Structures are given as structure tokens and as C-alpha cells.
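So you can see what is in the structure, the chains are spelled out below.
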Amino acid sequence: RMENNLLTGTLHGPSIAGMMPGLEILSLSDNDLSGLVPGELGSLPELRYLYLDSNHFVGPMPGQLAQIGRASILELWLQDNALSGTVPASYTRFYQLHDFFVDGNKLTGALPPDLCGPMVNADFFADAPNSTDERNWCDSIAC
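Residues numbered from 1 in each chain as written. Predicted model: local features only at pLDDT ≥ 70, side-chain atom pairs only at ≥ 80, totals over all residues. Heavy atoms only, no water.

Asks: Would you mind showing me how to read the overall build of the chain here?
Replies: When its secondary structure is counted, the chain shows one helix and nine strands. Ordered by position from N to C terminus, the α and β elements of the chain give β-α-β-β-β-β-β-β-β-β. The buried share of the chain, reckoned over its 143 residues, is 44%. The long-range share in the chain, meaning contacts at least 24 apart out of those at least 6 apart in sequence, stands at 59%. Approximately 7,600 Å² of the chain is accessible, and the part contributed by carbon and sulfur atoms is 53%. (Helix = DSSP H or I, 4+ residues; strand = E, 2+ residues; numbered from the N terminus. Buried < 20%, exposed > 50% of the residue type's maximum accessible area, 1.4 Å probe, protein only. Contact = heavy atoms within 4.5 Å. Areas by Shrake-Rupley, 256 points an atom, 1.4 Å probe, with all protein chains shown as cover.)

Now the structure itself:
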């Protein structure tokens, strides 16, 4: 874990993927990292927890994170950056995703509907009334 260490610069995806193929957790929250989120992180077969929130990442969210057969991320925190564009439809391949935060970016468009369900960010509604009749599950992601 390398969060809140005043790290600067960019991430070089091929180096991370090549040198740490068994990486399960990448926690770089609350630093001064910038540039693009490397899509090569999606080639890490054991990556389950990816925390890149509260940095200065720009550009689109890489669809390559959810590579077919390797989309095993359980928690994806990308909030509070300067990411733009839309949430890739490929992220619906994260079948076991339970924490997904993208607020505080410059994203546009609608979230892929299959990402919006009661299992993603369930704790977001922990204090809400039990009635789910009119609940918009996407609110827990793009709040």
C-alpha cells in the first residue's frame, strides 16, 4: 500500500504488469499521480482491489481493465480525479464488483445499466429506508 505518500509522476502499466503479475492489491490513493490510468493493469490476473482515487489522473477510464477472462476486480476506486468520457460498457464484466466509486470526475453519459444493482456499493444505502421500489441503484456510483 502506497497511499498518501506524496508520490508524483505517471504509472507505467507495462512495467507493473510485467514485474508484478501476482499483484492482488494496488493502493495508490491520495497521491499526486497524473496521466492516464494504464489499461495494462487489466492484464494482471490476480488484481482484485484497485485504489487510484484522489490523484490527478486524466482521460478516459480504460476499457482494458475489464479484459475478457481476467475481469476479477472486486473494488475499483477512481473517484476524485479528472477522468473524462463515459464508464466503459466492458466494466459490466466485473461480475463480483462490490465497491465502485467514480464521483468527482468529469464523466459524461449514463452508466451501463448492468453496473447499477443492489450489490454494488450496498453500504451507500445502509441508512436509507428499506423501501427499494423507487431506488435508483446508479445513485450509489455516480453520486
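Asks: Quick question: what am I supposed to make of the sheet that holds strand S5 (residues 56-59) here?
Replies: Sheet strands pair by backbone hydrogen bonding; their relative direction is either parallel or antiparallel. The five strands lie next to each other as S1-S3-S5-S7-S9, forming an open sheet whose pairing is parallel. Both edges of this open sheet fall to strand S1 (8-9) and strand S9 (106-107), since each of them pairs with a single strand only. Pairing analysis gives two bridges linking S1 to strand S3 (residues 32-35), with the strands arranged parallel. Residue pairing across strands places Thr8 opposite Asp32, the latter belonging to S3. (Pairing = 2+ DSSP bridges.)

Asks: Help me understand unusual backbone geometry in this model?
Replies: Backbone phi values are negative for most residues with the exception of glycine, while trans is the configuration of most peptide bonds. Residues other than glycine seldom take positive phi values, yet Leu6 does so here, at roughly 60°. Among the structural elements, Leu6 can be located in the segment before S1. Owing to a relative accessible area of 67%, Leu6 belongs among the exposed residues under this scheme. Unlike most non-glycine residues, Ser54 shows phi in positive territory, near 55°. Tracing the backbone shows Ser54 in the loop between strand S4 (49-51) and S5.

Asks: Any chance you could explain the sheet that holds strand S6 (residues 75-77) here in plain terms?
Replies: What the four strands build is an open sheet, ordered S2-S4-S6-S8; its pairing is parallel. The open sheet has two free edges, formed respectively by strand S2 (25-27) and strand S8 (99-101), since each of these has just one partner strand. Recorded for the sheet is a direction-independent mean angle of 10° between the axes of neighbouring strands. (Axes fitted to C-alpha atoms, helices over the stretch in contact; angles between N-to-C directions.)

Asks: Just to check I follow, could you spell out the packing of aromatic side chains for this structure?
Replies: Within the structure shown, the criterion is met by five aromatic pairs. With centroids separated by 4.9 Å and ring planes inclined at 80°, the aromatic side chains of Tyr51 and Trp77 adopt a geometry described as edge-to-face. A residue pair is termed long-range when its members are at least 10 positions apart, and Tyr51 in strand S4 and Trp77 in strand S6 qualify at 26 residues. On the basis of relative accessibility, which here comes to 9%, the residue Tyr51 falls in the buried class. Here Trp77 falls in the partly exposed class, since its relative accessible area comes to 26%. Judged by centre distance (5.2 Å) and plane angle (55°), the rings of Tyr91 and Phe94 are tilted. Taking relative accessible area as the criterion, Phe94 reaches 4% and is therefore assigned buried. Three or more aromatic residues joined by ring pairs make a cluster, and in this case those are Tyr49, Tyr51, Trp77 and Phe101. (Phe/Tyr/Trp six-rings, centres within 6.5 Å; stacked < 30°, edge-to-face > 60°.)

Asks: Which parts of the structure should I look at to understand the pattern of salt bridges?
Replies: For the structure on display, the rule yields one salt bridge. Across the pair Arg48 and Glu46 runs a salt bridge whose closest N-O atoms are separated by 3.8 Å. The exposure class of Arg48 is partly exposed, given its relative accessible area of 21%. With relative accessibility at 37%, the residue Glu46 sits in the partly exposed group. (Salt bridge = Lys/Arg side-chain N within 4 Å of Asp/Glu carboxyl O.)

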